[in-house]
Amino acid sequence: MPGPKNLPETYRNVLRLRAVRDFDNRPLSDPDLHAILEAGRWTGSSKNRQSWSVIVVTDPDQKERLAETGDFTDPLRRAPMAIALIQEGAGYEFDIGRLAQNVMLAAKAIGVATCPVTFHRHEEAARVLGIPDGKVCRYGVALGYPAAEIRRSQMSGRKPLNEFVHWNSY
Ligand SMILES: Cc1cc2nc3c(=O)[nH]c(=O)nc-3n(C[C@H](O)[C@H](O)[C@H](O)COP(=O)(O)O)c2cc1C
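Residues numbered from 1 in each chain as written. Predicted model: local features only at pLDDT ≥ 70, side-chain atom pairs only at ≥ 80, totals over all residues. Heavy atoms only, no water.

S.K.: Which parts of the structure should I look at to understand the pattern of salt bridges?
M.R.: Once the charged atoms of two side chains with opposite charge are near each other, the side chains can pair. As enumerated under the stated definition, the model contains twelve salt bridges in all. One salt bridge connects R12 with E9, and the closest N-O pair in it is separated by 3.3 Å. One end of the pair is R12 and the other is E9, both in helix α1 (residues 9–16) and three residues apart, which spans about a single turn. Across the salt bridge formed by R16 and E9, the nearest N and O atoms sit 3.9 Å from each other. Among the ionic contacts, a cluster of salt bridges with common partners joins E9, R12 and R16. (Salt bridge = Lys/Arg side-chain N within 4 Å of Asp/Glu carboxyl O. Helix = DSSP H or I, 4+ residues; strand = E, 2+ residues; numbered from the N terminus.)

S.K.: It is not clear to me how the site of the ligand should be interpreted in this structure. Could you clarify?
M.R.: By nearness alone, 13 residues border the ligand, and R18, A19, R21, F72 and S156 come closest of all. Within the contact set of the ligand, an oxygen atom lies 2.7 Å away from a side-chain nitrogen or oxygen of R18. With respect to the ligand, the side chain of S156 contributes an N or O atom lying 2.4 Å from an oxygen atom. For the ligand, the protein covers 69% of the area, taking 630 Å² as the surface of the free molecule. Ranked by residue count, the leading element in the shell around the ligand is strand β3 (residues 113–118), at four residues. A breakdown of the residues in the shell around the ligand according to their chemical character gives eight nonpolar, two polar and three charged. (Near = heavy atom within 4 Å. Polar contact = N/O pair within 3.5 Å; in protein donor to acceptor, adjacent residues only side chain to side chain. Areas by Shrake-Rupley, 256 points an atom, 1.4 Å probe, with all protein chains shown as cover. Nonpolar A, V, L, I, M, F, W, Y, C, P; charged D, E, K, R; others polar.)

S.K.: Help me understand the nonpolar core in this model?
M.R.: In a soluble, globular protein the nonpolar side chains are often hidden away together inside. Counting 19 residues, the largest nonpolar core has L66, L76, F119, L129, I131 and C137 as the members making the most contacts within it. Broken down by secondary-structure element, the contributors of at least two residues to this core are α3 (60–67), β2 (81–88), β3, α6 (122–129) and β4 (135–144). Dropping the residues within four chain positions of it, L129 is found in contact with I55, V57, Q62, L66, A84 and C137. (Core = buried A, V, L, I, M, F, W, Y, C linked by side-chain atoms within 4.5 Å. Buried < 20%, exposed > 50% of the residue type's maximum accessible area, 1.4 Å probe, protein only. Contact = heavy atoms within 4.5 Å.)

S.K.: So what exactly am I meant to see when it comes to the sheet that holds β4 here?
M.R.: Adjacent strands of a sheet form backbone hydrogen bonds with each other and so pair up, either parallel or antiparallel. Taken together, the four strands give an open sheet; going across it, the order is β1-β2-β4-β3, and neighbouring strands pair in antiparallel fashion. Both edges of this open sheet fall to β1 (52–57) and β3, since each of them pairs with a single strand only. Here the strands of the sheet are splayed against their neighbours by 25° on average, with no regard to which way each runs. Across six bridges, the pairing between β1 and β2 is antiparallel. What sits directly across from I55, in β2, is A84. (Pairing = 2+ DSSP bridges. Axes fitted to C-alpha atoms, helices over the stretch in contact; angles between N-to-C directions.)

S.K.: Looking at this model, I keep getting lost on the environment of G134. Mind explaining?
M.R.: When you line up the elements, G134 lands in the loop between α6 and β4. As for G134 and F23, which are separated by 111 residues in sequence, their C-alpha atoms are 33 Å apart. Beyond its immediate sequence surroundings of up to four residues, G134 is in contact with Q87, E88 and G89.

S.K.: Explain the packing of helix α2 (residues 30–41) against helix α5 (residues 93–109) to me, please; I cannot follow it from the model alone.
M.R.: In a pair of packed helices, the angle between the axes and the distance between the axes together describe the arrangement. In the contact formed by α2 and α5, the axes pass within 8 Å of each other and the chain directions differ by 145°. As α2 packs across α5, the resulting crossing turns out to be right-handed. Between α2 and α5, the contacting residues are I36, A39 and G40 on the first element and L99, N102, V103, A106 and A107 on the second. The residue inventory of the contact of α2 with α5, partitioned by class, reads six nonpolar, two polar and no charged. (Left-handed = near helix turned anticlockwise from the far one by under 90°.)

S.K.: Quick question: what am I supposed to make of unusual backbone geometry here?
M.R.: If you check the backbone angles, N6 has positive phi at about 55° while not being a glycine. With respect to the element layout, N6 can be found in the segment before α1.

S.K.: Help me understand α6 in this model?
M.R.: Residues spaced three or four apart along an α-helix point in a common direction, a consequence of the helix completing one turn every 3.6 residues. Along α6, the positions that sit buried rather than exposed are A125, A126 and L129. Seen along its axis, α6 keeps its buried residues to an arc of 100°; they face one direction. Exposed residues lying more than 90 degrees from the buried face of α6 are E123 and R127. The elements touched by buried residues of α6 are β1, α3, β2 and β4. (Arc of directions from axis to C-beta.)

What follows is the structure in structure tokens.
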């Protein structure tokens, strides 16, 4: 199925969004961080519940403590900062996924690299972050300006369109 030609940059950014695990250690500028947080805040959610909030983690010791709560969190150690995504009350995990993707796409659009990370021991993550009972933090996004050299991930690439799409029934 041939796609349209000359697609705009915003569309190409969707296809080019990669998990980046090598960062420059410069902190994000305040305007860049603000732009990314605004994009997160404007994410749509089921019934517009917005059952979420974020914790911006810039303190290196706190970032390390958080990294210890997941199994593949080296990107967090390499990044100058992270945004922890808090699911509050009866919110859907689907909504948190949308929030993460908005953050990552907005970051990409302004030249900021990101990698989603999982806090497998989320109860420990909640303790580290001082999250009250009834709220969960299973995921975060490591952020920073990309390093001059970025290692290619073995886990990238996607299945072909004809394996991804079913028509009318499975
Ligand atoms: C829910 C979720 C959790 C992830 N957790 C981690 C993680 O803990 N550590 C990591 O390095 N990458 C993590 N990733 C990134 C994926 O490994 C990455 O998106 C996938 O391999 C595809 O790579 P690409 O987006 O660069 O093409 C996570 C991605 C998702 C969607």
